Amino acid sequence: MYKVIGHPQSRTMRVLWLLEELDLPYEIVVSKPHQKEIKAVNPSGKIPALIIGEDIIYDSTAICTYLADKHAGLTFPAGSIDRARQDSFTNFALDEMDSILWMAAKHSFVHPEEMRVPDIKPACRDEWSNSMKQLELRLHGNTWAMGDTFTIADIIIGHCAIWAKSSKFEWPEGQVSDYFKRVLARPALAKANQKVSAAS
């Protein structure tokens, strides 16, 4: 039984979604950043954390990669060309999607008001629009990022899509919109949301 500490309205959802995709048992300890539950295992107060016996893993991407590798699902084998391409999609999501959304969030509500730079948000939205164009080129009409195989790259991209929609970033049209709809229609995502509702 895995234990996940974190909050569903955060990158924690990536881990819960992946656990559902892999059909693995887990429990959720709901904790927002810097609350006592997460501070007890991660002095930085950042979420999520995955508890495996006496071991702890931080960072949603590291956790997802560990679980996918350990259970040989939602990933291509380490050292393969397909894995390198999958990792490239994952890094694209982190560099060209997640980082833009996080920058906008920091200057909307995360930073203290006196540290916020509201003028940065239009630039973030412009960068997001450019990233959506790049994503369309990279998808090449594929069902998933890696063609016919759903991987952790799709989970991270899909979570960014959820984040973008809740932050009222421009929703792409055409191929990327269709791709987002397929990703967000995954039954495992719905199951993760149901478990979160029960745990909250």
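Residues numbered from 1 in each chain as written. Predicted model: local features only at pLDDT ≥ 70, side-chain atom pairs only at ≥ 80, totals over all residues. Heavy atoms only, no water.

1. Overview of the environment of K46
- Assignment of secondary structure puts K46 in the loop between α2 (36–39) and β3 (49–52).
- For K46, a relative accessible area of 59% puts it in the exposed group.
- The spatial distance from the C-alpha of K46 to the C-alpha of D59 is 8.3 Å, given a sequence separation of 13 residues. (Helix = DSSP H or I, 4+ residues; strand = E, 2+ residues; numbered from the N terminus. Buried < 20%, exposed > 50% of the residue type's maximum accessible area, 1.4 Å probe, protein only.)

2. Observations concerning the sheet that holds β3
- Strand order in the open sheet formed by four strands is β2-β1-β3-β4, with mixed pairing between adjacent strands. Only two strands of the sheet have a single partner each, and these edge strands are β2 (26–30) and β4 (55–58). Taking the axes of each pair of neighbouring strands and ignoring which way they run, one obtains an average angle of 20 degrees across the sheet.
- Pairing between strand β1 (residues 2–6) and β2: five bridges, direction parallel. Within the sheet, the bridge partner assigned to Y2 lies in β2 and is Y26.
- In this fold helix α1 (residues 12–21) packs onto β1 and β2, with an angle of close to 155 degrees to the strand it touches most, β1.
- Across the sheet, helix α3 (residues 60–71) lies against β1, β3 and β4, angled at about 120 degrees from β4, the strand it touches most. (Pairing = 2+ DSSP bridges. Axes fitted to C-alpha atoms, helices over the stretch in contact; angles between N-to-C directions. Contact = heavy atoms within 4.5 Å.)

3. A word on a negative patch on the surface
- Together, D95, E96, D126 and E127 give the surface a local cluster of negative charge.
- Looking at the negative patch, the elements with two or more residues in it are α4 (81–110) and α5 (120–139).
- Checked against the element boundaries, D126 lands in helix α5. (Patch = residues over 30% accessible without salt bridge, like charges linked within 9 Å, V, L, I, M, F, W, Y side chains within 5 Å. Areas by Shrake-Rupley, 256 points an atom, 1.4 Å probe, with all protein chains shown as cover. Salt bridge = Lys/Arg side-chain N within 4 Å of Asp/Glu carboxyl O. Lys, Arg positive; Asp, Glu negative; His and termini not counted. Charge placed at Lys NZ, Arg CZ, Asp CG, Glu CD.)

4. Looking at the pattern of salt bridges
- Counted under the stated rule, the structure contains seven salt bridges.
- With a shortest N-O distance of 2.9 Å, R11 and D98 are connected by a salt bridge. Residue R11 is found in the loop between β1 and α1, and its partner D98 is found in helix α4; the two are separated by 87 residues along the sequence.
- Assessed through its relative accessible area of 7%, D98 is described here as buried.
- Among the ionic pairs, D98 bridges to R14, the shortest N-O distance being 2.6 Å. Linking D98 in helix α4 with R14 in helix α1, this pair joins segments that are 84 residues apart in sequence.
- Salt bridges here are not isolated pairs; linked through shared partners, they connect R11, R14 and D98.

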